[in-house]
Amino acid sequence: MERYLRTFNEINNDKLGEECGIIGMYKWKEDNASKLLFYGLYALQHRGQESAGIASNDGQRSYHYKQMGLVSEVFDDKILSQLGGHISIGHVRYGTVGGSKVENAQPLIAKIGESSISMAHNGSLVNAKEIKKTLENNGEVFKTAIDSEVIIKLLSKYSDENILSSIGKTMDLIKGAYALVIMTEEELIGIRDPYALRPLCLGKLDDGYVLASESCALDAVGATLIRDIKPGEIITINKEGITSTYYTKKEKRASCIFEYVYFARPDSLIDGVNVYEARKNAGRILAKEHPIDVDMVMAVPDSSIPVALGYAEELGIPFGEGLFKNRYVGRTFIEPDQSSRERALRLKLSPLGQNIKGKKVVLVDDSIVRGTTSKKIVADLRSAGAKEVHLRISSPPVAYSCYFGIDTPDASKLLGATKSIEEIRQIVGADSLGYISLDGLVESTGLTKENFCIACFNGDYPIKI
């Protein structure tokens, strides 16, 4: 067991990520929830490919294992069998800060007297530095530079009170985006920040409950979706059942609209919206706003495929495959640095010359951030024989940095902040370029603008930065 499981003292200096995938499970009839939770964590792999970790608790002690790599690489039957307990939480990391190393993987565990608390966090705080400085002035020692450690330090600081009181006092202090799953010896707790910036949903098993970033993870473990966690809601699951309380301060809902554009899996439901249908609707709207007469509509796989299908159906143009995707290469947007993104892209996408040679094509993609990916793909399509390459984007120009967990760079590196649409077209080398309007993107979800954080497009941040 010592080979695979680490004690509290060995893992206390773990660092945490930001835009990630989290899952928690509470089972009444089984002493190893981790074996089932593994499949839900695997279903969230698209949200983070840098590291994976699972913590569990059997009511007396906690167990923990995390490593760099994909879920299937980190865990095997032997490891999972030793992550005993009826409560389990898991995390896949896409790190935006703190470096790519195992110390930054989650979950994080803190000792509280004779017991412990484990936590997995998706999101990013905007006032972590101020809180950290205050805590350090009061004698707290931080072993990471990651904002998530601030949360668990606060939970520990107020641990002499009951867990809900500790959570309430912590939420009074932290500002920003956070979806949390927290595990004690007795409870599994799920928390969504008062703005609902990051997603979190609740599902029912025959013998327990599941909390997860997306409903696709519930499907993977055979759970039935009950509903999404509401803004500021705190779900507590224990042997008595499930209870719901709310953070007392009411804020304006501001869920991240980029979940529908890119991050979420198309088979997920987020806040009642089918992601696949939202993307297909975006394609239809994009076709109305930026029609073009071409021979074929194609997508940058995978998130843009529903968009391209909607675009093609709206204009009555054939949809075809123009890029082959190597399924063994991860998502290039969430690689930790630009050089890694470019190397991964070379391995990931190859043009299908026989399908595009001599044709005028529309290439549909979800976003242009730095422009390097779009530029390379357009050039590759031309080299493969495409007669014309027209680019259509299912989100507005990304013009402002995100401070809530999505790794958009400084505004000076965002093409949408520094260049006109015509200048961007010239940079990426497309024959024409069209972005969906902000109103069109919102319309594609079936919700209203008041439900979303759209700051990366218009700079209207829900929280003072």
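See above for the structure.
Residues numbered from 1 in each chain as written. Predicted model: local features only at pLDDT ≥ 70, side-chain atom pairs only at ≥ 80, totals over all residues. Heavy atoms only, no water.

To continue, consider the sheet that holds strand β22 (residues 432-435). Taken together, four strands build an open sheet; the order of strands is β17-β20-β21-β22 and the sheet is parallel. The open sheet has two edge strands, β17 (296-299) and β22, and neither has a second partner. On average, each strand axis in the sheet is tilted by 25° relative to the strand beside it, whichever way the strands run. Direction of pairing for strand β21 (residues 388-393) relative to β22: parallel, over a ladder of four bridges. Directly across from Ile 393, in β22, lies its bridge partner Tyr 435. Docked against the sheet, helix α16 (residues 421-428) engages β21 and β22, running at close to 130° with respect to β22. (Pairing = 2+ DSSP bridges. Helix = DSSP H or I, 4+ residues; strand = E, 2+ residues; numbered from the N terminus. Axes fitted to C-alpha atoms, helices over the stretch in contact; angles between N-to-C directions. Contact = heavy atoms within 4.5 Å.)

When you line up the elements, Ser 118 lands in strand β6 (residues 115-125). Here Ser 118 falls in the buried class, since its relative accessible area comes to 1%. For the pair Ser 118 and Ile 54, spaced 64 residues apart in sequence, the C-alpha to C-alpha distance is 9.8 Å. Setting aside residues up to four positions removed in sequence, Ser 118 forms contacts with Ala 55, Ile 89, Leu 108, Ile 109, Val 181, Ile 182 and Met 183. (Buried < 20%, exposed > 50% of the residue type's maximum accessible area, 1.4 Å probe, protein only.)

This part covers the packing of aromatic side chains. Evaluated as defined, the whole model comprises 11 aromatic pairs. Ring geometry for Tyr 26 and Trp 28: centres 6.3 Å apart, planes at 70°, overall edge-to-face. Assessed through its relative accessible area of 3%, Tyr 26 is described here as buried. Their ring planes at 50° and their centres at 6.1 Å tell us that Phe 38 and Tyr 42 sit as a pair that is tilted. Note that Phe 38 and Tyr 42 are positioned in helix α2 (residues 34-43) at a spacing of four residues, about one turn of the helix. Note on Phe 38: relative accessible area 12%, which makes it buried. One aromatic cluster is present, built from ring pairs that chain together Tyr 26, Trp 28 and Tyr 209. If you follow Lys 204 out to its NZ or CZ, it ends over the ring of Tyr 209, 5.2 Å from the centre. Directly above the ring of Tyr 246 sits Lys 250, whose terminal nitrogen or CZ lies 5.2 Å from the centroid. (Phe/Tyr/Trp six-rings, centres within 6.5 Å; stacked < 30°, edge-to-face > 60°. Lys NZ or Arg CZ within 6 Å of the ring centre and 35° of its normal.)

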